[in-house]
Amino acid sequence: LPHMNDIIGPITNPLNPQKITRRVVGINHLIAPRIVAEAYRIMNKKGVTNLKHGLFVRGFADKNRYEGMDEVSICPGGTQVAEIKDGKIRVFNLYAKDFGIEDISVETIIPKEDKGEFSLKILKGEISGPPLQMILANAAMLFYLAEKSQDLKECYKMAEEIHQSGKAYETMLAVQKILPK
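Please read these numbers as outputs of a predicted model, since none were measured by experiment.

Peer 1: Just to check I follow, could you spell out the environment of Pro 180 for this structure?
Peer 2: Checked against the element boundaries, Pro 180 lands in the segment after helix 6 (167-178). Spatially, the C-alpha atoms of Pro 180 and Ile 135 are 27 Å apart, while their sequence positions differ by 45 residues.

Peer 1: Can you help me understand the nonpolar core in this one?
Peer 2: A general trend in soluble globular proteins is that nonpolar side chains are found buried together. Formed by 33 residues in total, the largest nonpolar core has its most connected members in Ile 74, Leu 94, Phe 99, Met 141 and Tyr 156. Counting residues per element, the ones that place at least two in this core are strand 2 (53-60), strand 5 (88-94), helix 3 (115-124), helix 4 (130-145) and helix 5 (152-165). By residue number, the principal contributor to this core is helix 4, which donates 9 residues. In this structure, Ile 27, Ile 31, Ala 37 and Tyr 40 belong to the second largest nonpolar core, which totals 12 residues.

Peer 1: Please explain the packing of aromatic side chains as it appears in this structure.
Peer 2: How two aromatic rings sit relative to each other is given by the distance of their centres and the angle of their planes. All told, the structure shown has 2 aromatic pairs when counted by the stated rule. With a centroid separation of 6.5 Å and an interplanar angle of 55°, the aromatic rings of Phe 99 and Tyr 156 are classed as tilted. Residue Phe 99 is found in the loop between strand 5 and helix 3, and its partner Tyr 156 is found in helix 5; the two are separated by 57 residues along the sequence. The pair formed by Phe 99 and Tyr 156 is uniform in burial state, with each residue classed as buried.

Peer 1: Would you take a moment to explain the pattern of salt bridges for this structure?
Peer 2: Opposite charge on two side chains permits pairing when their charged atoms draw close. Throughout the structure, instances matching the rule amount to 6 salt bridges. Linking Arg 22 and Glu 147 is a salt bridge whose minimum nitrogen-to-oxygen distance equals 3.7 Å. Here Arg 22 is found in strand 1 (residues 22-26), whereas its partner Glu 147 is found in the loop between helix 4 and helix 5, with 125 residues between them in sequence. You can call Glu 147 partly exposed: its relative accessible area is 40%. Residue Glu 113 pairs with Lys 121 through a salt bridge whose shortest N-O separation is 3.1 Å. Take Glu 113: its relative accessible area is 32%, and that puts it in the partly exposed class. Looking at Lys 121, the relative accessible area reads 26%, which means it is partly exposed.

The rules we used
Residues numbered from 1 in each chain as written. Predicted model: local features only at pLDDT ≥ 70, side-chain atom pairs only at ≥ 80, totals over all residues. Heavy atoms only, no water. Helix = DSSP H or I, 4+ residues; strand = E, 2+ residues; numbered from the N terminus. Core = buried A, V, L, I, M, F, W, Y, C linked by side-chain atoms within 4.5 Å. Buried < 20%, exposed > 50% of the residue type's maximum accessible area, 1.4 Å probe, protein only. Phe/Tyr/Trp six-rings, centres within 6.5 Å; stacked < 30°, edge-to-face > 60°. Salt bridge = Lys/Arg side-chain N within 4 Å of Asp/Glu carboxyl O.

In structure tokens:
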């Protein structure tokens, strides 16, 4: 069963909630993304938050939608999304084909090494194939949220171009330099 923290966790943030107007939130433990979207809608009405556009995603590994993940999935089960925009909630499903790619098996994206090192290798361009495709699909949602395009295939291509240019890795290094040690 979902815990109360599954609802509270994504909502809480050390930043002023009034300043977060766009957000992608991964939902875990089989809680329906719509529940978190509804919570945001209520908090918006009460003036606690100021979310103008949010995407609440719950990915699935298998077609039966039993195994899941708190991110966009390009595995056979696809992704359930609750989108809140201007106070209205829309629930829909996404699949790998919506990004212009073929679906993948969950076994092909499981890191066989330290997750931090694995993530760094993706940013450096040292890992390709399904793990990279999964990252790019998730990044595509950010372009969609930023209203760069309503076409997820186009958003996926934008994410791919940035990754191939090395800008994602360069940005990570720049952020790393300004963080306190």
